[in-house]
Amino acid sequence: MDEKTLEYMGERVDKARKLRHAISEVEGKIKYLKTKVIVNVRFSIDDNYTIIGQNYMGLPDNSIVSHIKEVAIKALEAYRDSLQAELDAI
């Protein structure tokens, strides 16, 4: 193999390693969310150095809190799937 081919293959291997690491991190977050009970969710926005926030608190069966948890898990799963598709394309 020539030098250019080896460089190209090395770049693909490096990219695949980074993608596998990112997928592993996302899977850890998904597992964490699925196994934990969430009772408090806080949204904050930094607007001109002022913190504006909204808290949602409740029992684990609180519809708002449980819905936010489900949406977060679905978003992480979609992100993981996109990373996996990128890895598969390599």
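This text goes with the structure placed above it.
The structure displayed is predicted, hence computed values, not measured ones.

Novice: Outline the environment of Ile 23, supporting the account with residue identities and numerical values.
Specialist: Structurally, Ile 23 can be placed in helix 1 (residues 3-35). For Ile 23, a relative accessible area of 6% translates into the label buried. A C-alpha to C-alpha distance of 8.7 Å links Ile 23 and Tyr 79, two positions 56 residues apart in sequence. Ignoring anything within four residues of it in the chain, the contact list for Ile 23 reads Arg 80, Leu 83, Gln 84 and Leu 87.

Novice: An account of helix 2 (residues 63-89) is requested, with residue identities and associated values reported.
Specialist: The terminal C-alpha atoms of helix 2 lie 39 Å apart, and with 27 residues this matches the ideal 39 Å at 1.5 Å per residue to within 8%. Where helix 2 is concerned, the buried positions are Val 65, Ile 73, Leu 76, Leu 83 and Leu 87.

Novice: Explain the packing of helix 1 against helix 2 residue by residue, including any values.
Specialist: The interhelical angle for the contact between helix 1 and helix 2, taken along N-to-C directions, is 160 degrees, at an axis separation of 9 Å. Considering the angle they form, helix 1 stands roughly antiparallel to helix 2. For the element pair helix 1 and helix 2, the recorded crossing hand is left-handed. Contacts between helix 1 and helix 2 involve Lys 15, Ala 16, Leu 19, Arg 20, Ala 22, Ile 23, Val 26, Glu 27, Lys 29, Ile 30, Leu 33 and Lys 34 from the first element and Lys 69, Ala 72, Ile 73, Leu 76, Glu 77, Tyr 79, Arg 80, Leu 83, Gln 84, Glu 86 and Leu 87 from the second.

Novice: Could you give an account of the pattern of salt bridges, naming the residues involved and the relevant values?
Specialist: Opposite charge on two side chains allows them to pair when their charged atoms are near. Taken as a whole, this structure holds four salt bridges when the rule is applied. Among the salt bridges present, the one from Lys 15 reaches Glu 86, with a minimum N-O distance of 3.6 Å. Remark: Glu 86 occurs in helix 2 and Lys 15 occurs in helix 1; sequence separation between them is 71 residues. With its nearest N and O atoms 3.4 Å apart, the salt bridge here joins Asp 81 to Arg 80. Judged by its relative accessible area of 43%, Asp 81 falls in the partly exposed class.

Novice: So, a negative patch on the surface: which residues are in play, and what are the values?
Specialist: A cluster of acidic residues, Asp 2, Glu 3, Glu 7 and Glu 11, forms a negative patch at the surface. On the secondary structure map, Glu 11 appears in helix 1.

Novice: Mind laying out the environment of Ala 16, listing which residues take part and the relevant values?
Specialist: Within the secondary structure, Ala 16 is located in helix 1. Leaving out residues up to four positions away in the same chain, Ala 16 has contacts with Leu 87 and Ile 90.

Criteria and thresholds
Residues numbered from 1 in each chain as written. Predicted model: local features only at pLDDT ≥ 70, side-chain atom pairs only at ≥ 80, totals over all residues. Heavy atoms only, no water. Helix = DSSP H or I, 4+ residues; strand = E, 2+ residues; numbered from the N terminus. Buried < 20%, exposed > 50% of the residue type's maximum accessible area, 1.4 Å probe, protein only. Contact = heavy atoms within 4.5 Å. Expected span 1.5 Å × (residues − 1). Axes fitted to C-alpha atoms, helices over the stretch in contact; angles between N-to-C directions. Parallel < 35°, antiparallel > 145°, perpendicular 65-115°, else oblique. Left-handed = near helix turned anticlockwise from the far one by under 90°. Salt bridge = Lys/Arg side-chain N within 4 Å of Asp/Glu carboxyl O. Patch = residues over 30% accessible without salt bridge, like charges linked within 9 Å, V, L, I, M, F, W, Y side chains within 5 Å. Areas by Shrake-Rupley, 256 points an atom, 1.4 Å probe, with all protein chains shown as cover. Lys, Arg positive; Asp, Glu negative; His and termini not counted. Charge placed at Lys NZ, Arg CZ, Asp CG, Glu CD.

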